[in-house]
Amino acid sequence: MKTLKAETAAIVAETRVTVGDRVAAGTVLLVTELMKMQHEIRAPEGGIVKALHVSAGDELAGGEPLITLAPAEVAPQQATEADTERRDISEFEDRMHLLRDAARSKAVARRHQSGGRTARENIEDLFDTGSFTEYGALAVAAQRSTRPLEDLQARTQGDGIVCGTGTVGGRPVAAMAVDFMVMAGTQGYNHHRKMDRLIDVARRDSLPIVLFAEGGGGRPNDHDVAHLMTAGLNATSFRHFAAHKGIKIGIAAGLCFAGNAALFGICDLRIATENSNVGMGGPAMIEGGGLGVVAASDIGPAKTQSKNGVIDLLVEHEAEAVAVTKTLLSLDRSIEPPRQVASGLRDVVPADRTRAYNMRDAISGVADASSFLELRQSFGIGMIAGFARLNGRPIGILANNPLHLGGAIDAPAADKGARFMQLCDAWGVAVVTLCDTPGFMVGPEVEETGQVAHVSRLFLAGAHFAQPLVTVVLRKAYGLGAMAMAGGGFDRPHLCAAWPTGEVGAMGLEGAVKLGHRDQLAAIADPVAREAEYQRLVAQLYERGKALNAASLLEFDSVIDPDETRDVLTRALCSAGQCHPSSGYVDAW
């Protein structure tokens, strides 16, 4: 015989057996209650109930006999479906099913038909398999006072945004993907709360944030909170996102207007698909402001936003956008360098100093094969900027474009270069500048563009740049423009070198002769003799400014063989030490 006793004080809530019952091991014999919590007393082994010492309602102090069992072999009973069914689990499974794309097959089909992917498809593609943890998935639109909860759960999943963290190539990352299938991607009350929560998590854990931006701006019909606010202008998401010190990468696909466009614009690096339209106001806002009736497709099309510099990277579709994002997120580490063939850099710059050449050929020879990812290619075409790898190490490359204005730096080129320096500084990426410029562009028409303020941004960006910097002069390095390409002066980089084709001067050689020898040349009456003297003076200045002579006067550090440029850069960057992301922000422009 075995008598079960009360272990603690409690009240007997119910008894489930009677004397003579045969019970299997694990059978519930009675239930006690303490502090409104019920506890099941189960049979420790098979047996026959010989005595029942308590009844429902009895108060126990602890130690009282409850049930006496005589040992016996009793086969366990097969649990019935009713016994095993858990209402809480089934309710959970039903609710979670509504979050999956499979629960919205018609909406998904329309999405695919338009050439787009769902928010969850983009999230799944971005993160390493099985690494994503979602935040706030069960949120719905703040409209419970006007719509049935079941309808909100079935049609406003997550309040239109998927938020969470995971790893991308092993790197911890946070992401927010607007769900255009929920109320056209508009931003609701809980939508913003979810964003704020994820931004705070990313801030605490120093995570990059990837934003999939699509849809309109604020949602006016969240009736649950309508009586608590008038305009919602104290929403904190925009400020918190802008203040985030980590990497911010934005991806725009489809229609991206108002609030979503503002968040996209805040991002350090902006990627957009060819079918995207990005603008600070959609058709309804434009019409409401009395500015006419326009089609959504006419507002900020991708070609326009790429040409004007809003878009850093223009891609064909979302899959390519995600692939590029993965490449960008891998810039925090070096990789195994590929086998590199001979660079052939000696032949890039023609021996004839008046012949133009393609700077991208130089970049291809300096960077690891196929590693150069050019940014803002259609904007500020006088400057070439992008990320690459050098013997596996991530670097930024900033170069003049001799095929545009002879390499002279105009306002768009300066803006492009300055922002790229800020970007590399904030992300902790070393920069290599390839200099071939006659200086800043000048003239009355140029000054109408605000040239003074725009080009000065290069000096500001260079002065605050905190990563390793190396400059190589390929040909022309004249005046303030050349100084700006070197971060503010030839003494600024960790190494400032030149190819044998390099030439330096306080200003363009031809202009220096015309300005400095104006009276001398004017005094020569014979035009032929005047031209001959002019060419002699230019040649004299060229000889003085040639790289070999300038280096002998310590204008810069060294003259290098073009074919050894990769090795020189690798050694210089290695000596310069590790990169550390700065606390500065990246200007939106």
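Up top you'll find the structure we're talking about.
Summary of the structure given here. (Residues numbered from 1 in each chain as written. Predicted model: local features only at pLDDT ≥ 70, side-chain atom pairs only at ≥ 80, totals over all residues. Heavy atoms only, no water.)

1. Digging into the nonpolar core
Step number 1: Of all hydrophobic cores here, the largest spans 64 residues; its most connected members are Leu269, Ile271, Leu328, Phe387, Trp427, Phe490 and Phe556.
Step number 2: Beyond its immediate chain neighbours, meaning those up to four positions away, Leu328 contacts Ile249, Leu269, Ile271, Leu313, Leu373, Phe387 and Trp427. (Core = buried A, V, L, I, M, F, W, Y, C linked by side-chain atoms within 4.5 Å. Buried < 20%, exposed > 50% of the residue type's maximum accessible area, 1.4 Å probe, protein only. Contact = heavy atoms within 4.5 Å.)

2. Regarding the environment of Asp436
Step number 1: Along the chain, Asp436 turns up in strand β20 (residues 430-437).
Step number 2: Separated by 30 residues in the primary sequence, Asp436 and Gly406 have C-alpha atoms spaced 8.5 Å apart.
Step number 3: Every residue in contact with Asp436, bar those within four places of it in the chain, is listed here: Tyr357, Met359, Asn400, Pro402, Gly406, Gly407, Arg475 and Lys476. (Helix = DSSP H or I, 4+ residues; strand = E, 2+ residues; numbered from the N terminus.)

3. Describing the sheet that holds strand β4 (residues 28-34)
Paired through their backbone hydrogen bonds, the strands of a sheet run either parallel or antiparallel.
Step number 1: What the four strands build is an open sheet, ordered β5-β4-β2-β7; its pairing is antiparallel. Strand pairing shows two members of the sheet lacking a second neighbour, β5 (37-42) and β7 (59-60), which therefore form its edges. (Pairing = 2+ DSSP bridges.)

4. Quick notes on the packing of aromatic side chains
Step number 1: Per the counting criterion, the structure on display carries six aromatic pairs.
Step number 2: Considering the side-chain rings of Phe387 and Trp427, the 5.7 Å spacing of their centres and the 0° angle between planes classify their relative orientation as stacked. Taken together, the positions of Phe387 in strand β18 (residues 383-390) and Trp427 in helix α13 (residues 411-427) put the pair 40 residues apart, joining distant regions of the chain.
Step number 3: Summarising the aromatic geometry, the rings of Phe440 and Phe459 are spaced 6.1 Å apart at their centres and angled 75° between planes, so their arrangement reads as edge-to-face. Residue Phe440 is found in the loop between β20 and α14 (444-447), and its partner Phe459 is found in helix α15 (residues 451-464); the two are separated by 19 residues along the sequence. (Phe/Tyr/Trp six-rings, centres within 6.5 Å; stacked < 30°, edge-to-face > 60°.)

5. A few points about the pattern of salt bridges
Step number 1: One pass over the structure, following the stated rule, counts 31 salt bridges.
Step number 2: Where Arg219 meets Asp159, a salt bridge forms, and the shortest distance between an N and an O atom there is 2.7 Å. A residue pair is termed long-range when its members are at least 10 positions apart, and Arg219 in the loop between β12 (209-215) and α7 (237-243) and Asp159 in the loop between α5 (149-155) and β10 (161-168) qualify at 60 residues.
Step number 3: Residue classification places Arg219 among the buried positions, given a relative accessible area of 10%.
Step number 4: The exposure class assigned to Asp159 is buried, which follows from its relative accessible area of 0%.
Step number 5: The network of salt bridges with common partners includes Asp101, Arg104 and Asp179. (Salt bridge = Lys/Arg side-chain N within 4 Å of Asp/Glu carboxyl O.)

Remember that the coordinates give geometry; whether it matters functionally is a separate question.
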